[in-house]
Amino acid sequence: MSDTDDSEPCTSAMTSKKGKAASSQRKSSEKKSGERYYRTKFDLSWMQAEQYKGIIVPVKTDPYSFRCLICEKIVSCGHQGEFDLKRHISGRVHTSLQGTKIKVNPISGYMSMKSSSEDLLAREAEIKFTGFLAEHNVPSAAADHLGHLIRTCFPDSKIAQGYACGRTKATCVLNDDIAPELLPDLVADMTSSAFSLCVDGSNDQGIEKMNP
C-alpha cells in the first residue's frame, strides 16, 4: 500500500473531528443566542397579585428586571420570570427587611389630633397664658417653667396635666395665632388716634450719640 493510501484515512478522520467541533460550536452559539432572545420580560399583572402588591414596580430602562421596594434594589427576572420574583421575596435578606418595615409604625399615628374636651381646654389655657406673658412683658423663657408649675400645683386636674407649652410653643402661638388676630385692631387704633414711638438708645454703637 502506498503512502498516499495511508494518509487518506488520517485526513478523513481530522476532517470529521473538525466538522463535529464546528457543529458543536454552532449548536452552542445557537443555544446562547436562544437564551438571549427568549428572556422573560416583567409582567405588569404581577403587581396586581396579592403576594406582590406594593412590593415590586417595573424598571423603565430594563424590561427584564423589577425594582423591589422593600430591598430598594433592582432584581433581574429575565432568566425564569416569576420564579425569579418568588425566589427573591422568599430570600433571607428580603424577609428580614420586610419584617423590619412591618414593625415600623406610620408617622401619621403620632400626629393624630386629640379632640377630647380636656385637650381642647388645655390648648385654650396655653393660649391664655401665652397672652398673659405678652401682655405683662414677661420673658418667654418663663414658659419653660410655667408648665411644670401648673402640673404640680393641680395634680388632680386633667386640663393642668395636659398643659404643655414651653418657650418654643409659646413663641409660635404668639406670632402665628395671637398676633394676626390683634394686628387689625392695632392698625385701626393707629389710624384713628395719635401715637408715639419710644426708641431705646442702648444699642447705638455709632461714634456720635444719636439718642439721649
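K.L.:
I'm lost on the packing of helix H4 (residues 117-135) against helix H7 (residues 167-192) in this one. Help?
P.N.:
In a packed pair of helices, the relevant descriptors are the angle between the two axes and the axis-to-axis distance. H7 packs onto H4 with a crossing angle of 85 degrees between their chain directions and a minimal axis gap of 10 Å. As far as their axial angle goes, H7 and H4 are roughly perpendicular. Contacts from Arg123, Glu126, Ile127, Thr130, Gly131 and Ala134 of H4 reach H7 at Lys169, Ala170, Val173, Leu174 and Ile178. A class-by-class count of the residues in the contact of H4 with H7 yields 6 nonpolar, 2 polar and 3 charged.

K.L.:
Explanation requested: a negative patch on the surface in the structure shown.
P.N.:
On the surface, Asp176, Asp177, Glu181, Asp185 and Asp189 cluster together into a patch of negative charge. Mapping aspartate 189 onto the fold places it in helix H7. In this structure aspartate 189 comes out as partly exposed when scored by relative accessible area, which is 46%.

K.L.:
Is there a simple way to think about the sheet that holds strand S3 (residues 73-76) in this case?
P.N.:
Hydrogen bonding along the main chain pairs the strands of a sheet, whether they run parallel or antiparallel. In space, the 3 strands of this open sheet follow the order S1-S2-S3, with antiparallel pairing throughout. For this open sheet the edge positions go to strand S1 (56-59) and S3, each flanked by a neighbour on one side alone. Across this sheet, the average inter-strand angle for adjacent strands is 40 degrees, counted without regard to direction.

K.L.:
How should the pairing of S1 be read in this particular structure?
P.N.:
In the case of a regular strand, side chains alternate between the two sheet surfaces. Inspection of the sheet shows S1 paired to strand S2 (residues 62-68) by 4 bridges, in the antiparallel sense. Bridged to isoleucine 56 within S2 is cysteine 68. Joining the antiparallel neighbours S1 and S2 is a turn of 2 residues.

The rules behind the values
Residues numbered from 1 in each chain as written. Predicted model: local features only at pLDDT ≥ 70, side-chain atom pairs only at ≥ 80, totals over all residues. Heavy atoms only, no water. Axes fitted to C-alpha atoms, helices over the stretch in contact; angles between N-to-C directions. Helix = DSSP H or I, 4+ residues; strand = E, 2+ residues; numbered from the N terminus. Parallel < 35°, antiparallel > 145°, perpendicular 65-115°, else oblique. Contact = heavy atoms within 4.5 Å. Nonpolar A, V, L, I, M, F, W, Y, C, P; charged D, E, K, R; others polar. Patch = residues over 30% accessible without salt bridge, like charges linked within 9 Å, V, L, I, M, F, W, Y side chains within 5 Å. Areas by Shrake-Rupley, 256 points an atom, 1.4 Å probe, with all protein chains shown as cover. Salt bridge = Lys/Arg side-chain N within 4 Å of Asp/Glu carboxyl O. Lys, Arg positive; Asp, Glu negative; His and termini not counted. Charge placed at Lys NZ, Arg CZ, Asp CG, Glu CD. Buried < 20%, exposed > 50% of the residue type's maximum accessible area, 1.4 Å probe, protein only. Pairing = 2+ DSSP bridges.

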